[in-house]
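Each chain, letter by letter, is given below.
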Amino acid sequence: MIAPALIGAALVIIVSWRIARARRRARELDQPFPEEWHALLARVPLWRRVPPPVRAPVEHAAQRLLARVSFIGCNGLTVTDEMRLVIAAQAALLVAHRDSRAYDALYSVLVYPGEFVVEDRDEDEFGLVTVGRRALSGQAIDVSRIVLSWEDIEAGFTGDDGYNVVLHEFAHYLDHLAEGALTDGGALAPSAARWHATLESAYEALCDAVDRGEDSLIDPYGAEDLAEFFATATEVFFERAREFRVAHPGLHAELCEFYGVDPAAWP
Ligand SMILES: [Zn+2]
């Protein structure tokens, strides 16, 4: 049997550690966004377009994420400050103007040097299970872990091409956080019916375009299902904002309301 004194001592250590951690986080959040961080973020085309009044809350949300979340390098990768910052700043764009605490449930971001392989388990209608392997550029496993390929993050630096694995996976995270309510038609705030109707009609339009073999602004991968559609539409909403507003005015308006920003109005 463990002596009560030992349990008491362990509790004191845990409580003290938690208080120290909370104080450290509060101190980090009080610091202004360091000047050198602006230089590190300058290579991210999306970040360069974010106007200063929009940036301030994003910087705060990024600092909150950096103070709370562990970044873990995988397959021998050493995660640099630049990597952490590039991921946190872009992820923060999604939450800064709606709920800067949205990433508080996130525990770790795993970063691979390039694509990583996961095992896929598929069960058909007859109960036949097939196990395969897939190479991924990112994965939002649940609300506690997000996995990213640094090579694919860097591939997004070439311009506003509508490809942004950070926005994609963190959009999945927000859907997971809402327990899938953003994309499965479940209960969501007052404008839920309009949100789902708009999302579904734009999704159907993408599926039709893909079936007809037509080019689409949103990546054809978005035709997989509504969850992938929401994640791929989010990438284009931020990265090719003006084209997105013209092509999908209804969805653009919904995403403006959801994310609390209008990237089509940015320079
Ligand atoms: Zn996805």
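Residues numbered from 1 in each chain as written. Predicted model: local features only at pLDDT ≥ 70, side-chain atom pairs only at ≥ 80, totals over all residues. Heavy atoms only, no water.

Concerning the overall build of the protein
Phase 1: When helices and strands are tallied, the protein shows eleven helices and six strands.
Phase 2: In the protein, which comprises 267 residues, the proportion classed as buried is 46%.
Phase 3: Entry remark: accessible area of the protein is about 13800 Å², with carbon and sulfur atoms responsible for 54%. (Helix = DSSP H or I, 4+ residues; strand = E, 2+ residues; numbered from the N terminus. Buried < 20%, exposed > 50% of the residue type's maximum accessible area, 1.4 Å probe, protein only. Areas by Shrake-Rupley, 256 points an atom, 1.4 Å probe, with all protein chains shown as cover.)

Remarks on the packing of aromatic side chains
Phase 1: Applying the stated criterion across every chain yields a total of 16 aromatic pairs.
Phase 2: Look at Phe237 and Phe238: their rings are 5.0 Å apart centre to centre, the planes differ by 85 degrees, and that puts the pair in the edge-to-face class.
Phase 3: Judged by its relative accessible area of 0%, Phe238 is buried.
Phase 4: Through a chain of ring-to-ring contacts, the aromatic side chains of Trp195, Phe230, Phe237, Phe238, Phe244, Phe258, Tyr259 and Trp266 assemble into a single cluster.
Phase 5: The ring centre of Phe258 lies 4.0 Å from the NZ or CZ of Arg98, which sits over that ring. (Phe/Tyr/Trp six-rings, centres within 6.5 Å; stacked < 30°, edge-to-face > 60°. Lys NZ or Arg CZ within 6 Å of the ring centre and 35° of its normal.)

Side note on the nonpolar core
Buried together is how nonpolar side chains tend to be arranged in soluble globular proteins.
Phase 1: Of all hydrophobic cores here, the largest spans 71 residues; its most connected members are Leu94, Phe170, Leu174, Phe238 and Tyr259.
Phase 2: Broken down by element, the residue count for this core peaks at nine residues, all from helix H5 (residues 81-93).
Phase 3: Per-domain counts for this core show at least three residues from each of domain 1 (27-157) and domain 2 (178-267).
Phase 4: Not counting chain neighbours up to four residues away, the residues in contact with Phe238 comprise Leu46, Arg49, Leu93, Leu94, Leu167, Tyr259, Val261, Pro263 and Trp266.
Phase 5: Judged by nonpolar contacts, the second largest core, of seven residues, contains Leu110, Tyr112, Val118 and Val147. (Core = buried A, V, L, I, M, F, W, Y, C linked by side-chain atoms within 4.5 Å. Domains from an automatic or database assignment. Contact = heavy atoms within 4.5 Å.)

Description of the pairing of strand S1 (residues 70-73)
Phase 1: Bridge count between S1 and strand S2 (residues 108-112): four bridges; the pairing is parallel. Bridge pairing in S2 links Ser70 to Ser108.
Phase 2: Taken together, S1, H5 and S2 form a β-α-β motif whose crossover is left-handed. (Pairing = 2+ DSSP bridges. Right-handed = clockwise from strand over helix to strand, strands pointing away.)

Some details on the coordination of the zinc ion
Phase 1: With distances of 2.0 to 2.7 Å, the protein atoms coordinating the zinc ion are His168 (NE2), His172 (NE2), Glu228 (OE) and Glu228 (OE).
Phase 2: Coordination at the zinc ion is irregular: its four donor atoms span angles of 53 to 149 degrees at the metal.
Phase 3: Positions of the donor residues of the zinc ion along the chain correspond to the pattern H-x3-H-x55-E. One end of the pair, His168, is in helix H7 (residues 165-177); the other, Glu228, is in helix H9 (residues 226-239), with 60 residues separating them in the sequence. For the residue pair His168 and Glu228, the accessibility class agrees, reading buried in each case. (Donors = N, O, S within 2.8 Å, 3.2 Å for Na, K, Ca; no water. Tetrahedral: all angles 85-135°; square planar, octahedral: opposite > 155°, others 65-115°.)

Details of helix H8 (residues 192-211)
Phase 1: With 20 residues, H8 ought to run about 28 Å at 1.5 Å a step, and its terminal C-alpha atoms sit 28 Å apart, in line with that.
Phase 2: Among all positions in H8, only Ala192, Trp195, His196, Thr198, Leu199, Ala202, Tyr203, Leu206, Cys207 and Ala209 are buried.
Phase 3: Gly213 sits one or two positions beyond H8 and adopts a positive phi of about 75 degrees. (Expected span 1.5 Å × (residues − 1).)

A word on the pattern of salt bridges
Phase 1: Evaluated as defined, the whole model comprises eleven salt bridges.
Phase 2: Across the pair Arg43 and Glu82 runs a salt bridge whose closest N-O atoms are separated by 2.7 Å. Here the residue Arg43 occupies a position in the loop between helix H2 (35-41) and helix H3 (45-49), and Glu82 occupies one in helix H5, the gap between them amounting to 39 residues.
Phase 3: Its relative accessible area of 36% is what places Arg43 among the partly exposed residues.
Phase 4: For the salt bridge of Arg240 with Glu243, the shortest nitrogen-to-oxygen distance reads 2.7 Å.
Phase 5: If you follow the salt bridges from partner to partner, you end up with Arg43, Glu82 and Glu154 in one network. (Salt bridge = Lys/Arg side-chain N within 4 Å of Asp/Glu carboxyl O.)

As for the pairing of strand S4 (residues 129-136)
Phase 1: Judged from the eight bridges that link them, strand S3 (residues 116-123) and S4 form a sheet pairing that is antiparallel. Bridge pairing links Arg121 to Val131 in S4.

A short note on the layout of surface pockets
Phase 1: Volume-wise, the largest pocket comes out at about 660 Å³.
Phase 2: As for the largest pocket, its lining consists of 34 residues, and the residues nearest its centre are His168, Glu169, His172, Tyr221 and Glu228.
Phase 3: Residue assignment for the lining of the largest pocket shows that the elements contributing at least two residues are S3, S4, strand S5 (138-140), H7 and H9.
Phase 4: Per-element accounting of the lining of the largest pocket gives the leading share, six residues, to H7.
Phase 5: By residue class, the composition of the lining of the largest pocket is eleven nonpolar, ten polar and 13 charged.
Phase 6: A domain split of the lining of the largest pocket shows at least three residues from each of domain 1 (27-157) and domain 2 (178-267). (1 Å grid on protein atoms, 1.4 Å probe; cavity = no way out; pocket = protein on both sides within 12 Å on 5 of 7 lines; lining within 4 Å. Points joined across faces, edges and corners; volume = space filled by probe spheres on them. Nonpolar A, V, L, I, M, F, W, Y, C, P; charged D, E, K, R; others polar.)

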